[in-house]
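Spelled out from the first residue to the last, the chains are:
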Amino acid sequence: MESHKGLFNLEVQAVSSVHPQDNHLERFFTLCHALEGGTTFPVRIKDEKIPENKLEHELKLSIISLPSSNLEPLVLFLHRVLDKLFTLIMQPMVIAGQTANLAQIAFESVVSIVNSLHNSQELFRDQLGRNILLATYLYWVFRLPDPPRDVQNAAPSSDSRYMTIGPSTAARVGSMLLQSRIRSSSNPDIPAQQASDEDAEIKDILSAKGLNYPGSRVSTYVETSNYQNSAGSTRPSNRKQFHEELALQMVVSTGVCRENAYKYAWFFFELLVKSMAQHVSQLDRYTVPRRSRFSDRFKDDVTTIVSVVTAEICTILVKQQKEVEQAEKINISLAFFLYDLLSLMDRGFVFQLVRNYCNQMSAKSVSMPTLISMRLEFLRILCSHEHYLNLSLFFSNPASAPASPCPSISSQVCPRPLNLGPF
């Protein structure tokens, strides 16, 4: 009106639960969709076209840039982002016929996101200092990523090369059993070798070790119903386990990623425990002896993690007196982690971890009141376990011990009290 004079301004704000409205998140989800075979090449992101040969590079860049997303859209799509990243940690992807290993980059992105959410002053925390959003995700949302699909058995299609890696042949498993001692199961460079049709030696090793080779990074089990050769004999199938990959990434992480992973150890400890529990439940391994539920390599990684976290606590107490509160939180998180392991793993192994913790803490030159206080808090949490009394009673004759509320074939009564070291 009056020579086109403006009367008011109109601002439109888009609200959507489908579109992230953040460039970093939009790019990540679009490339993941392309990776899953949900689109044709070239992939269009706004005015940019990404050809097939650049998909892996662009996907890595999008994973690295995820922590730079705006806080509000990141919070709105947090569950979906974490689910996608955990899938990438567990499953190596095949892009244009080449295997892409994204586990390390995905883990580092998860650590960065956890750090960003904890550092935000806009988000709530519980009385233990844990981010509410992350705690809610762990308790209500998280579930194990879907197992890899078998590329070899999939129906041929133009998009089959983008499917995830499935169970290996028995020949490749035989090669992995010999070479994967020092390699990650997410390493795409593990060579496959042609083996003879007779895998008797490998099957004997697997059956003698509870279907898990003790020195292997690769978890194996026997599928009697759907994985048999023409002669009717059962062969092992290579399946990656999420808890093993997560523990491995925690062990091999370095620099700032390692520091933040152990700073917010509560999140990764609870993630480990829940993935372990779901693993036992899905495979119906409750009747399996505790010593055979998890591989020896995974136990080695857990031992390393506990040792590193204990060392981190001692370092904070010795060099950073102002960060005692942080050391106390990490100490409590470690205690609850071992508390949960008593219900899942071989209890003798868990008690050995407790002993190592006490010995490691005693070896440091830390002020005695602080040391005693933290060790007592640690042991108080363990002693609150519902089965702790039965686990700690001394019986000269194992036959006189009362029945365990949670019986386990491999949980034997210790013939002598466990020495946890001096206070």
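Residues numbered from 1 in each chain as written. Predicted model: local features only at pLDDT ≥ 70, side-chain atom pairs only at ≥ 80, totals over all residues. Heavy atoms only, no water.

Going by an unreviewed UniProt entry, the protein chain carries the name Dedicator of cytokinesis 8 and comes from Poecilia latipinna.

Chemist: What is the right way to read the environment of Tyr-286 from this model?
Modeler: Locating Tyr-286 in the fold gives a position in the loop between α11 (265-282) and α12 (290-293). Through-space distance from the C-alpha of Tyr-286 to that of Leu-344 is 9.0 Å; in sequence the pair is 58 residues apart. (Helix = DSSP H or I, 4+ residues; strand = E, 2+ residues; numbered from the N terminus.)

Chemist: Got a minute to help me understand the packing of helix α13 (residues 296-319) against helix α15 (residues 347-362) in this structure?
Modeler: Relative orientation and spacing of two packed helices are given, respectively, by the angle between their axes and the distance between those axes. Contact geometry for α13 and α15: axes closest at 10 Å, N-to-C directions at 25°. The angle between the axes of α13 and α15 places the two elements in the roughly parallel class. For the pair α13 and α15, the crossing hand works out as right-handed. For the pair α13 and α15, contact is made by Lys-299, Val-302, Thr-303, Val-306, Ser-307, Thr-310, Ala-311, Ile-313 and Cys-314 and by Phe-349, Leu-353, Tyr-357, Gln-360 and Met-361, respectively. (Axes fitted to C-alpha atoms, helices over the stretch in contact; angles between N-to-C directions. Parallel < 35°, antiparallel > 145°, perpendicular 65-115°, else oblique. Left-handed = near helix turned anticlockwise from the far one by under 90°. Contact = heavy atoms within 4.5 Å.)

Chemist: Which parts of the structure should I look at to understand the environment of Leu-338?
Modeler: You can see Leu-338 is positioned in helix α14 (residues 324-341). We classify Leu-338 as buried; its relative accessible area is 0%. Along the backbone, Leu-338 and Val-354 are 16 residues apart, and their C-alpha atoms lie at a distance of 7.8 Å. (Buried < 20%, exposed > 50% of the residue type's maximum accessible area, 1.4 Å probe, protein only.)

Chemist: Please clarify how the layout of surface pockets should be interpreted in this entry.
Modeler: The space that makes up the second largest pocket amounts to roughly 590 Å³. Lining of the second largest pocket is provided by 24 residues; of these, Leu-128, Gly-129, Trp-266, Lys-329 and Ser-333 occupy positions nearest its centre. If you list the elements that add at least two residues to the lining of the second largest pocket, you get α5 (103-119), α11 and α14. A breakdown of the residues in the lining of the second largest pocket according to their chemical character gives 10 nonpolar, 5 polar and 9 charged. Counting only domains with at least three residues in the lining of the second largest pocket, you end up with domain 1 (23-140) and domain 2 (243-386). (1 Å grid on protein atoms, 1.4 Å probe; cavity = no way out; pocket = protein on both sides within 12 Å on 5 of 7 lines; lining within 4 Å. Points joined across faces, edges and corners; volume = space filled by probe spheres on them. Nonpolar A, V, L, I, M, F, W, Y, C, P; charged D, E, K, R; others polar. Domains from an automatic or database assignment.)

Chemist: Please explain the side chain of Ser-333 as it appears in this structure.
Modeler: Among the secondary structure elements, Ser-333 is positioned in helix α14. Under the relative-accessibility criterion, Ser-333 is labelled buried at 16%. Apart from residues lying up to four places away in sequence, Ser-333 is in contact with Trp-266 and Phe-269.

Chemist: Just checking my understanding: could you explain a nonpolar patch on the surface for this structure?
Modeler: On the surface, a nonpolar cluster with roughly 560 Å² of combined accessible area is contributed by Leu-7, Phe-8, Leu-10 and Val-12. Among the residues examined, Leu-7 registers a relative accessible area of 62% and is labelled exposed. (Patch = residues over 30% accessible without salt bridge, like charges linked within 9 Å, V, L, I, M, F, W, Y side chains within 5 Å. Areas by Shrake-Rupley, 256 points an atom, 1.4 Å probe, with all protein chains shown as cover. Salt bridge = Lys/Arg side-chain N within 4 Å of Asp/Glu carboxyl O.)

Chemist: For this particular structure, what's the right way to read the nonpolar core?
Modeler: Side chains that are nonpolar tend, in soluble globular proteins, to be buried together. The biggest cluster of nonpolar side chains holds 95 residues, and the ones touching the most others in it are Phe-86, Phe-267, Phe-268, Phe-337 and Leu-338. No fewer than three residues from each of domain 1 (23-140) and domain 2 (243-386) sit in this core. The residues contacting Leu-338, other than those within four sequence positions of it, are Val-306, Val-350, Leu-353, Val-354, Phe-378 and Leu-382. (Core = buried A, V, L, I, M, F, W, Y, C linked by side-chain atoms within 4.5 Å.)

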